[in-house]
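Architecture at a glance
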Amino acid sequence: MKTVKYLWMAKKVRASHILVNSEKETKDILAKLNLGENFEELAKKYSTCPSGRKGGDLGWFGKGMMVKEFEDASFSAKDGDVTGPVKTQFGYHIIKITGNK
């Protein structure tokens, strides 16, 4: 019987985001976050994405499941990081990493 070793496992990220239409909006929201405002509440208030109703939670995703710019930013951040603005075809994102595995 042959033993097969798996050298890599698919990495997954859990993220929340706030999607807005302009870079200025992301900078205004980032300023609020830096003052200690709650990410989830800001997502509910400002995000144009349907996930905003859930505080921006997108759940777990693997590579190839999101647009490249969003994926690159998400997979290069650590758990707890907030990054942005990240421009995609959908608008400007502020991304909060809530898990890595």
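1. Describing the packing of aromatic side chains
- All told, the structure shown has two aromatic pairs when counted by the stated rule.
- Consider the rings of phenylalanine 61 and phenylalanine 70, whose centres lie 6.1 Å apart with planes at 50 degrees: the pair is tilted. With respect to class, phenylalanine 61 is no different from phenylalanine 70; both count as buried.
- Taken together through their ring pairs, the aromatic side chains of Phe61, Phe70 and Phe75 make up a single cluster.
- Taking the ring centre of phenylalanine 75 as reference, the NZ or CZ of lysine 63 above it sits at 4.9 Å.

2. Notes on the sheet that holds strand S4 (residues 91-100)
- Strand order across the open sheet formed by four strands is S2-S1-S4-S3, with antiparallel pairing between neighbours. In this open sheet, the two strands that pair with only one neighbour each are strand S2 (57-62) and strand S3 (82-88). Shown here is a sheet whose adjacent strand axes are inclined to one another by a mean of 40 degrees, direction ignored.
- Pairing analysis gives four bridges linking strand S1 (residues 12-20) to S2, with the strands arranged antiparallel. Residue lysine 12 lies in a different strand from S2, and its bridge partner there is glycine 62.
- Contacting S1, S3 and S4, helix H1 (residues 23-34) crosses the sheet at an angle of about 40 degrees to S4.
- Sheet strands in contact with helix H2 (residues 39-46) are S1, S3 and S4, and its direction is about 45 degrees off that of S1.

Scoring rules and cut-offs
Residues numbered from 1 in each chain as written. Predicted model: local features only at pLDDT ≥ 70, side-chain atom pairs only at ≥ 80, totals over all residues. Heavy atoms only, no water. Phe/Tyr/Trp six-rings, centres within 6.5 Å; stacked < 30°, edge-to-face > 60°. Buried < 20%, exposed > 50% of the residue type's maximum accessible area, 1.4 Å probe, protein only. Lys NZ or Arg CZ within 6 Å of the ring centre and 35° of its normal. Pairing = 2+ DSSP bridges. Helix = DSSP H or I, 4+ residues; strand = E, 2+ residues; numbered from the N terminus. Axes fitted to C-alpha atoms, helices over the stretch in contact; angles between N-to-C directions. Contact = heavy atoms within 4.5 Å.

All quantities given are derived from atomic positions and should not be read as evidence of function.
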